[in-house]
Amino acid sequence: MPTLIYLFRTMFLAVLGAAFLGRALTAQPGAARATSIQPGEACPPGMTEVRPHSCMAPEDAAPSVLDYRPRSTLVAPTHLVKKARYPAIDFHGHPNGMLGSVESLARLGADLDGLNVRMMIVANNVSGDALKRTVATINASPAMKDRVRVLTGINFQNVGPGWSQRAVAQLEADVAAGAVGIGEIGKEFGQTIRKANGSRLALDDAELDPIWQAAARLKLPVFIHTGDPEEFYQPVDYHNERWLELELFPGRRVDPARHPNFEELMKERDNLFRRNPKTTFVAAHMGWHANDLGRLGKMLTETPNVYVDVGAVLYDIGRQPRASHDFFVKFQDRILFGKDAYQPEEYPYYWRVFETNDEYFDYYRGYHAFWKLYGIGLPDEVLKKVYYKNALAITPRLPQTGWPR
Ligand SMILES: [Zn+2]
């Protein structure tokens, strides 16, 4: 009898043990998909670190970065802002194709009304006869004649003997024709433009000083775009924040063998600002330092003649809402609203970042930023300065009346 009990007990325990063993095995799903790594090592491609030094691959094939579009389950206050709280000046306007006729200007006006953009500064480097034609069309539009202003361009070809006299004469003629500033000086300045003698035209070339001095004398802000985001100069690998953009638009990659690198350009640019302290410069795209507000703050502190616009860098402003809020408050006299690419449906993202404290919402261009944005909740006085007061202050030729105090 005891032998029988013993036998049953043994069988029972064996079955129980097998069940436990089975559970233990199934409790490690993906054991075949796992591997361990040494401290400091990264997981192999296709795997992610699920516990310290332990990597695992998903059971199903992973989607590409294009196809992974998770729904956010965050429930938080949402404040969509269609129109800016105060009338805005878009200092970085490229309303291409809308300046040719009174009718197209009226369409531009209707778009801008829906956004509360009262004035657009056209930054298309329009000079000479083209400038005269554009200004004539604007003046022929009763609705738009006080709502669009034009910057003139500088022809940087063949800088050498006699260049500065010609350039200053053209600048004076363009101002007489109605230009209110200079720009947008494009990124080819400093990268690809050559002097008459064949050498690269550096941003801080002394032969250019007469044109910057003329800008100061004529009270013209100089709107200048220098270089590209720093990631465009880096290897296009899976650590590059702009990998997708550089794969979609390979022409945006900067070949360091053929062009100055990011730091060289920034050094020349800052030297240009420093050696012309009476000239007002507006560095487009926050000088490509919106991802390093400490550096940008240092630049603005060291060169009081420099301003920045916020065009096309909302992804950096909106991913650091506390630092951005404090930066905008500290440098509230130095930041201008500007949109760059003309897409009316994209302006409300700027209003929402500047005016609300909304959290974790989508940006309008996935290839710029795979992350979410947050509102920076700027005070009214700061909003007014960023939206219009600063642009009016540095551009005396803009219509100065009719703005809120
Ligand atoms: Zn631009």
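Reading guide: rules and limits
Residues numbered from 1 in each chain as written. Predicted model: local features only at pLDDT ≥ 70, side-chain atom pairs only at ≥ 80, totals over all residues. Heavy atoms only, no water. Helix = DSSP H or I, 4+ residues; strand = E, 2+ residues; numbered from the N terminus. Rg over C-alpha atoms; globule rule 2.2 N^0.38 Å. Buried < 20%, exposed > 50% of the residue type's maximum accessible area, 1.4 Å probe, protein only. Contact = heavy atoms within 4.5 Å. Areas by Shrake-Rupley, 256 points an atom, 1.4 Å probe, with all protein chains shown as cover. Lys, Arg positive; Asp, Glu negative; His and termini not counted. Charge placed at Lys NZ, Arg CZ, Asp CG, Glu CD. Core = buried A, V, L, I, M, F, W, Y, C linked by side-chain atoms within 4.5 Å. Phe/Tyr/Trp six-rings, centres within 6.5 Å; stacked < 30°, edge-to-face > 60°. pLDDT = per-residue confidence, 0-100. Pairing = 2+ DSSP bridges. Arc of directions from axis to C-beta. Donors = N, O, S within 2.8 Å, 3.2 Å for Na, K, Ca; no water. Axes fitted to C-alpha atoms, helices over the stretch in contact; angles between N-to-C directions.

Along the protein chain, the regular secondary structure elements total twelve helices and twelve strands. The C-alpha atoms of the protein chain give a radius of gyration of 29 Å, which is well past the 22 Å a tight globule of 405 residues would have. Taken along the three principal axes of its C-alpha coordinates, the protein chain extends 120 × 50 × 40 Å. Within the span of the protein chain, comprising 405 residues, buried residues form 48% of the whole. A separation of at least 24 residues holds for 73% of the contacts in the protein chain among residues at least 6 apart in sequence. As displayed, the protein chain offers around 20,800 Å² of accessible surface, 55% of which is attributable to carbon and sulfur atoms. Of the side chains in the protein chain, 47 bear a positive and 46 a negative charge, and the two mean positions are spaced by 4 Å.

W212, M286, F328, W351, F354 and Y387 are the most contacted members of the largest nonpolar core, which has 111 residues in total. When residues in this core are grouped by element, the largest group, eight residues, is from helix α12 (residues 380-394).

This part is about the packing of aromatic side chains. All told, the structure shown has 29 aromatic pairs when counted by the stated rule. Ring plane angle 65° and centroid distance 5.7 Å describe the contact between Y233 and F262, whose orientation is recorded as edge-to-face. Of this pair, Y233 sits in the loop between β8 (222-224) and α6 (243-248) while F262 sits in helix α7 (residues 262-275), and the two are 29 residues apart along the sequence. Given the relative accessible area of 10%, Y233 is considered buried. By relative accessible area, F262 is classed as buried at 3%. Between F370 and W371, the aromatic rings sit 5.0 Å apart at their centres with planes inclined by 80°, giving edge-to-face as the arrangement. Its relative accessible area of 64% is what places F370 among the exposed residues.

As a further point, take the confidence of the model for the protein chain. Taken residue by residue, the protein chain gives an average pLDDT of 93. The fraction at 70 or more is 93%. Confidence drops under pLDDT 50 across residues 1-27; counting only partners more than four residues distant or on other chains, this segment forms zero contacts.

On to the sheet that holds strand β9 (residues 281-283). Ordered by their spatial adjacency, nine strands build an open sheet running β11-β10-β9-β8-β7-β6-β5-β4-β12, and the pairing between neighbours is parallel. With partners counted over all chains shown, the strands left at the sheet margins are β11 (335-336) and β12 (340-341), one partner each. Across two bridges, strand β6 (residues 148-152) lies against strand β7 (residues 181-185) in parallel orientation. Bridge pairing links L151 to G181 in β7.

Right, let's get into the side chain of N240. Within the fold, N240 resides in the loop between β8 and α6. For N240, a relative accessible area of 6% corresponds to the buried category. Those residues in contact with N240 that sit more than four places away from it in its chain are E231, Q234, P235 and L246.

When we look at burial in helix α10 (residues 321-330), the residues that qualify are P321, S324, F327 and F328. With its buried residues spanning 125° around the axis, α10 presents them on a single face. The exposed set on the far side of α10, more than 90 degrees from its buried face, consists of R322 and K330. The secondary structure elements touched by the buried residues of α10 are α8 (293-302), α9 (314-317), β11, α11 (347-355) and α12.

Around the zinc ion, the protein supplies H92 (NE2), H94 (NE2) and E184 (OE) as donor atoms, at distances of 1.9 to 2.2 Å. Read N to C, the donor residues that coordinate the zinc ion are spaced as H-x1-H-x89-E. Pair noted here: H92 is in strand β4 (residues 88-94) and E184 is in strand β7, with a separation of 92 residues, a long-range link. A single burial state applies to H92 and to E184, both of which are buried.

Before going further, it helps to spend a moment on the sheet that holds strand β1 (residues 34-36). Strands sit in the order β1-β3-β2 across an open sheet of three strands; the sheet is antiparallel. Across the chains shown, the open sheet's two edge strands, defined by having one partner strand only, are β1 and β2 (48-51). Neighbour-to-neighbour, the strand axes of this sheet turn through a mean angle of 40°, independent of strand direction. Bridging between β2 and strand β3 (residues 54-56) involves three bridges; their strand directions are antiparallel.

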